[in-house]
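Results of the structural survey
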Number of protein chains: 2
Amino acid sequence: MMARLLPDWLRHYRGADLPHDLVASLTLLVLLIPQGLAYALLAGLPPQAGLYASIVPVLVYALFGSSATLSVGPAALPSLMTATALAGLSVVKPADYAAIAAMVALLSGVLRLVLAGLRFGFVANFLSQSVVGGFVSGSAVLIVLSQVPQLFGVSAHGSTAWQIAEALLAALPKLNVEALALSAAALLLLYAGKRWSKPLLRRLGLAEQRADLLAKAFPIVVVALGGVAVTALQLQVKVVGVLPAGLPPLRWPVADVEVMRGLLPAVLAIGLVGFVDSFFIAQSLALKRRESVNPDRELFALGAANAAAGLTGGFPVSASFGRSAANELAGARSQLAGVIAAGWMLLILVGMTGIFASLPLAVLAATIVMAVSQMIDLSILRLAWRYDRRDAAVYLATLAGVLLLGVVDAILIGVALSLALFIWRTSQPHLAVLGRVPGTEHYRNILRYEVETNPQVLAVRVDESLYFANIRFVRTRLVALLRERPATRDLLLVLSAVNVIDVSALQGLREMNRGLAEQGVRLHLAVVKGPVMDQLKRSGFLDELSGEIHLSTHAAMQALVAAQYADYVI
Amino acid sequence: MMARLLPDWLRHYRGADLPHDLVASLTLLVLLIPQGLAYALLAGLPPQAGLYASIVPVLVYALFGSSATLSVGPAALPSLMTATALAGLSVVKPADYAAIAAMVALLSGVLRLVLAGLRFGFVANFLSQSVVGGFVSGSAVLIVLSQVPQLFGVSAHGSTAWQIAEALLAALPKLNVEALALSAAALLLLYAGKRWSKPLLRRLGLAEQRADLLAKAFPIVVVALGGVAVTALQLQVKVVGVLPAGLPPLRWPVADVEVMRGLLPAVLAIGLVGFVDSFFIAQSLALKRRESVNPDRELFALGAANAAAGLTGGFPVSASFGRSAANELAGARSQLAGVIAAGWMLLILVGMTGIFASLPLAVLAATIVMAVSQMIDLSILRLAWRYDRRDAAVYLATLAGVLLLGVVDAILIGVALSLALFIWRTSQPHLAVLGRVPGTEHYRNILRYEVETNPQVLAVRVDESLYFANIRFVRTRLVALLRERPATRDLLLVLSAVNVIDVSALQGLREMNRGLAEQGVRLHLAVVKGPVMDQLKRSGFLDELSGEIHLSTHAAMQALVAAQYADYVI
């Protein structure tokens, strides 16, 4: 009975997988420590919030989630969005930020639980690659920008690129040379490590996979070196400081009702963006393993994880692509890797928080910059540019939106533009006048093929579903085609590409049928799809139609040409 | 040289048409007098504003418009929208309403001139029949409701159905019994006139058309009778009163900048709704006469007419369907009918404004109620209900929106819903597994026809353009179909109904092609449309494709089955 409540991966856990998950858990831990501290600081919160967010939320996702290797916890995007939301609260003391961020996590979690109940996971389908690509790249640039003040050892905040740049310029005179030297050294080391540590380790005789893994863990070495440098050289730079020791606090986050009402847009945005982002990461991991992810289940698991983060002193969590990929590379077989990593983190929190005291913030910022700059992916932009400039424009508009207006507006703009683009594409459909490929039963566009036509029969293929936004355009085009061919007595619409006829288009067809009949032109239909035919039958339009319905273009042409000869005989 | 500046209808005017236009001008006049007074009152303005709006705007439309019989001038919808806009201005004295309404007309006119310059007429295409139907019917109900207080002889205003009902209930104790009796009598007379005057006149020996025309002019008789009753019985009811005599004032409407800023949404709404409404009326008149209307030219002419209304003491004008139909019925051949009617109106304004003094407002309200209730058209709702309930839902939502939220929100809701409905319809496309109709080259849905299939080749027709909102759905469905047919070695996508492939869908196809290749399944395409093929070629996808491109489904199946035998031979 109890076993039923356990997740699938735990019920069917094979002992042989344990060593693999154990190794992966250590990889996760060395990534979670610097990322947890750094993302908490990025969100404008005390560093321990990032460590708290790496424990209970991980356990909760492991319980409900469908992905075996997804690493949920502190992540760049929700941290940036939390920072933006907190920065917008002018009346609140920074001391209250932790409680408010926890409340945002709780509410965005509950929101997702409700949406999962309503089976709302399908919304992920309405984000196009251009929107997601532009959004992720824009966010990465914005996150890098937001870290520049830390690299320079100054304080400067803002939620758009302009604001950050302006604040940075104003703060530049207070530049801390020691911090700048530290971060420059850290960036150089990280870059070198990324570039050369793996080949070096391979040359030292390590196997491909192990070398890759050690190279991925390199950031913690740099962070540790930074701590050593601060202590040894007595550098005057900002450090993490002494963290409170002990378990994550279990508490109901209290926040002012007025303040929370102002944060509702942020809750909504973090809820949706966090879900979509995590779902895409889970899906790309699943595709590699030929598994499938259920969007509603992911929405639920992520909602539960965020609610847990809110109740245990954390802040909004999400999946991290970098950490999930490293987890997979380290050989993780199940969510047990994350669960064990959470255990390690708990041990550190209870007994070893002192080790973080002298870690310099500048070096943590450098690790964020390196991690996040990998998110900037221009491949989809290049593809779109080559394939369809309008898709590329959606990408660029979303990217610019993130930088200049903020993440929420950017998503709204991107989705609205991509929907508008689709409507626009379908509002002026391609019409092809058809002729017969000589000696065959095939009919093709007269502009693209050498084909035969009949002066009294005009056959036109409509290359789009007929609906309100294009029916007038289609009618106008058909009238123009008929005017060019005054001998026409039969208009044949080939509906092989018409998947939907909505009621506006039906009304338009009825009016056209009536108008053509008055001019002595009969309207015929061919290759009507099953679902469309069922609907037309129900509407009574087929009784009004002046002409006939034909199964194929060829059958229609045969019948119509035969009818012409019959006319002559009479 | 000068002749070029004249409109087409005037340059080619035939003398023989003059008597017809003269008769029609009288019809227009007897309609314009009660409608002008009543719609001005509906808009919350002094009655003469309606007479002014029937002169210069008519001349201006005649100069630029493309419709021969469209009657532009005071109309129900823009009057209601003006009333709503004015009612929203709490800080303004009613004495300033006329200047503000004129400014709204001027600005909405200039807006349309600018939009016409930008060739924005195509927006009319984005309103579905369901939205227009629900909007017009809802507006008619709202206008009837707004006249009920006048019928009862009380004052009660509001811009939504609730507000009007509430104000009416509160004002009911002040009910004016004489007004109620007058309006009841007027409504009965108008109804009887509409029902029986034409048959009666026919029985008196009048020709069909003349009887119809006289019946249409009946409302002015009722209004005149109302005036006589007020004078003869000394009724204590509200009357039009003495109107200022003289030409329409030529003046620049002055209004407070702050006030106008608040009115911008109304200007935008009146500009767009007025255009769309007029365009639909012009189009339905043109369809009868086998003419075409150019949306951009109509937008321009209507913009100029409204600007003129604003500069000559009028208020927002639009086409009236009832008046235009009566004009046509009266035998109007050109816009000269309207021009002459404007001349008559000018004569009345200069010398005979006294004739309006004792006309009772209750009877004018009764004429509006009768005229407007004809706008309630449920035929499109019935059609939609039978054809597709979701279209009917859009109709009802728009109608409810007009009544409960206001006209602007209703249009926005309607357009958003109809676009969402189209996106929703296309986001879960129909996929048909195809088989060969025995002995033919035709391939049809295996669920609908008796057809032959090959276990190693899965042919699927995708009945929708592929784009971001449906590519994941399509991939999931294809994976499910492949899972049901584990022997499949070739997947053939028949793209006869795919009119567009956007970059998200292209990316999805690339991933699927790669994924299938790893599982030993080749991906083939057939019946790729010209424009789609051009684009796919440019993208480089065709080089990656594991399978081939075929001109027809039959050619593809022949080739794939032949390849199977070749495999056996090897």
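Details of the structure are given in the entry above.
We now turn to the structure provided with this report.

1. Things to note about the relation of the copies chain A and chain B
- Mapping chain A onto chain B leaves a residual RMSD of 0.2 Å; the transformation is a rotation of 179 degrees accompanied by 0.1 Å of translation along its axis. With respect to symmetry, the two chain copies, as superposed, fit the operation of a two-fold axis. Minimal C-alpha separation from the rotation axis in chain A is found for A:Ala497, amounting to 1.9 Å.

2. Description of the interface of chain A and chain B
- Contact residues are listed per partner, giving 66 residues for chain A and 66 residues for chain B.
- Counting the surface lost from both chain A and chain B, the interface buries some 6,000 Å², and carbon and sulfur atoms represent 57% of this.
- If you look at where chain A meets chain B, you find four salt bridges.
- Across the pair B:Lys529 and A:Asp463 runs a salt bridge whose closest N-O atoms are separated by 2.5 Å.
- Across the chain A-chain B interface, the total number found is 24 residue pairs in polar contact (both at pLDDT 80 or more).
- Where the side of chain A that touches chain B is concerned, the elements lending two or more residues are α8 (129-152), α13 (257-288), α18 (379-387), α20 (407-427), α21 (468-484), α22 (503-518) and α23 (530-539) of chain A.
- At eight residues, α20(A) tops the list of elements feeding residues into the side of chain A that touches chain B.
- Per-class residue counts for the side of chain A that touches chain B are 26 nonpolar, 20 polar and 20 charged.

3. Here we look at the nonpolar core
- Formed by 146 residues in total, the largest nonpolar core has its most connected members in A:Leu491, A:Leu493 and A:Ile501.
- For this core, the leading source of residues is helix α13 (residues 257-288) of chain B, giving 16 residues.

4. Notes on the packing of aromatic side chains
- As enumerated under the stated definition, the model contains 17 aromatic pairs over all chains in all.
- Taking the centre distance of 3.5 Å and the plane angle of 5 degrees together, the rings of A:Phe422 and B:Tyr467 count as stacked. Here B:Tyr467 lies in the loop between β5 (457-462) and α21 (471-484) and A:Phe422 lies in helix α20, a pairing that spans two chains. Judged on exposure class, the residue A:Phe422 and its partner B:Tyr467 are both buried.
- Among the aromatic residues, those joined into a ring-pair cluster are A:Phe422, A:Tyr467, A:Phe468, B:Phe422, B:Tyr467 and B:Phe468.
- Seen from the ring of A:Tyr449, A:Arg444 lies directly overhead, with NZ or CZ sitting 5.9 Å from the centre.

5. So, the sheet that holds strand β8 (residues 549-550) of chain B
Residue and element names in this part refer to chain B.
- With respect to topology, six strands assemble into an open sheet ordered β4-β3-β5-β6-β7-β8, the strand pairing being mixed. The two strands at the open ends of the sheet, each matched to only one other strand, are β4 (443-445) and β8.
- Here strand β3 (residues 431-436) runs beside β5; their pairing, made up of three bridges, is antiparallel. Within β5, the residue paired with Leu431 across the bridge is Val462.

6. As for helix α11 (residues 208-216) of chain A
- Of the positions making up α11(A), those classed as buried are A:Ala211, A:Asp212, A:Leu213 and A:Ala215.
- The inward-facing, buried residues of α11(A) contact α3 (18-42), α10 (177-203), α12 (218-233) and α15 (321-329) of chain A.

Rules used in this analysis
- Residues numbered from 1 in each chain as written.
- Chains lettered and ligands numbered in written order.
- Predicted model: local features only at pLDDT ≥ 70, side-chain atom pairs only at ≥ 80, totals over all residues.
- Heavy atoms only, no water.
- Least-squares fit on C-alpha atoms with pLDDT ≥ 70 in both.
- Contact = heavy atoms within 4.5 Å.
- Buried area = accessible area lost by both parts, 1.4 Å probe.
- Salt bridge = Lys/Arg side-chain N within 4 Å of Asp/Glu carboxyl O.
- Polar contact = N/O pair within 3.5 Å; in protein donor to acceptor, adjacent residues only side chain to side chain.
- Helix = DSSP H or I, 4+ residues; strand = E, 2+ residues; numbered from the N terminus.
- Nonpolar A, V, L, I, M, F, W, Y, C, P; charged D, E, K, R; others polar.
- Core = buried A, V, L, I, M, F, W, Y, C linked by side-chain atoms within 4.5 Å.
- Buried < 20%, exposed > 50% of the residue type's maximum accessible area, 1.4 Å probe, protein only.
- Phe/Tyr/Trp six-rings, centres within 6.5 Å; stacked < 30°, edge-to-face > 60°.
- Lys NZ or Arg CZ within 6 Å of the ring centre and 35° of its normal.
- Pairing = 2+ DSSP bridges.

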